[in-house]
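Reading the structure
This is what each chain is made of:
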Amino acid sequence: METIFENIWLFFIIVTSITGINFKMKSKKYIKENPELKSGYNKMFIGWMVFGNIPWTIVGIGSISNYTKSFDYFNPKNLNPLVLIFYISIIIIWALSVYWIYFKNGAEFIEKHPGLFVKRGFGDNLDKITAKQIKIIIGLGLLGGIIGMAMVWIIDFPLPVF
């Protein structure tokens, strides 16, 4: 069981990468319809693969070096430097995302490159999502992330010891 938790970062890298590859494959349909979108889809894919895996790579470095255990990340108050770097990386990624989405027309860019975000509903076109909806989704996701991060700093979770 300990091996699973100590290598959970590999699982997260695999899931993040599979999600990126899935998005890349879905984008081929849109690129076929409008070849001018290819560059934008490639940028989104690279961004997803790089920024999406930075936190898990930090966890992996901590695990491989035996500097951290997986559950250390649920107790950042211990001030383990790699755990702090993990949280700082997430905050930086959030800040860059907010800057791009809200101030650099990132939401409009995503709206023009459908497939990353989809809305589901009764009879709705599954691919059409507006920049305003993207901004709302990102804002709510960020709020949830901030609440989750605050909880690990405020609440003392009972953590298993291996």
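So, a few notes on the structure that sits alongside this text. The model shown is predicted, which means the values in this text are computed figures rather than measured ones. (Residues numbered from 1 in each chain as written. Predicted model: local features only at pLDDT ≥ 70, side-chain atom pairs only at ≥ 80, totals over all residues. Heavy atoms only, no water.)

A few points about helix α3 (residues 38–64)
The terminal C-alpha atoms of α3, which comprises 27 residues, lie 37 Å apart, in line with the 39 Å expected from a rise of 1.5 Å per residue. At Ile54, α3 shows its maximal bend, which comes to roughly 45°, and the proline Pro55 appears one to four places after that position. Within the sequence span of α3, burial applies to Gly40, Tyr41, Met44, Phe45, Asn53, Pro55, Ile58, Val59, Gly60, Gly62 and Ser63. Looking one or two residues past α3, Asn66 carries a phi angle of roughly 60°, positive in sign. (Helix = DSSP H or I, 4+ residues; strand = E, 2+ residues; numbered from the N terminus. Expected span 1.5 Å × (residues − 1). Bend = angle between axes of the 7 residues up to and from the residue. Buried < 20%, exposed > 50% of the residue type's maximum accessible area, 1.4 Å probe, protein only.)

Some points on the packing of aromatic side chains
Going through the model one piece at a time under the given rule, you end up with eleven aromatic pairs. Judged by centre distance (6.1 Å) and plane angle (45°), the rings of Trp56 and Phe86 are tilted. Linking Trp56 in helix α3 with Phe86 in helix α4 (residues 81–103), this pair joins segments that are 30 residues apart in sequence. By relative accessible area, Phe86 is classed as buried at 7%. Aromatic pair Phe71 and Phe74: ring centres 6.1 Å apart, planes at 35°, arrangement tilted. By relative accessible area, Phe71 is classed as buried at 16%. What links up through ring pairs into an aromatic cluster is the set Phe11, Phe12, Trp56, Tyr73, Phe86, Tyr87 and Trp153. (Phe/Tyr/Trp six-rings, centres within 6.5 Å; stacked < 30°, edge-to-face > 60°.)

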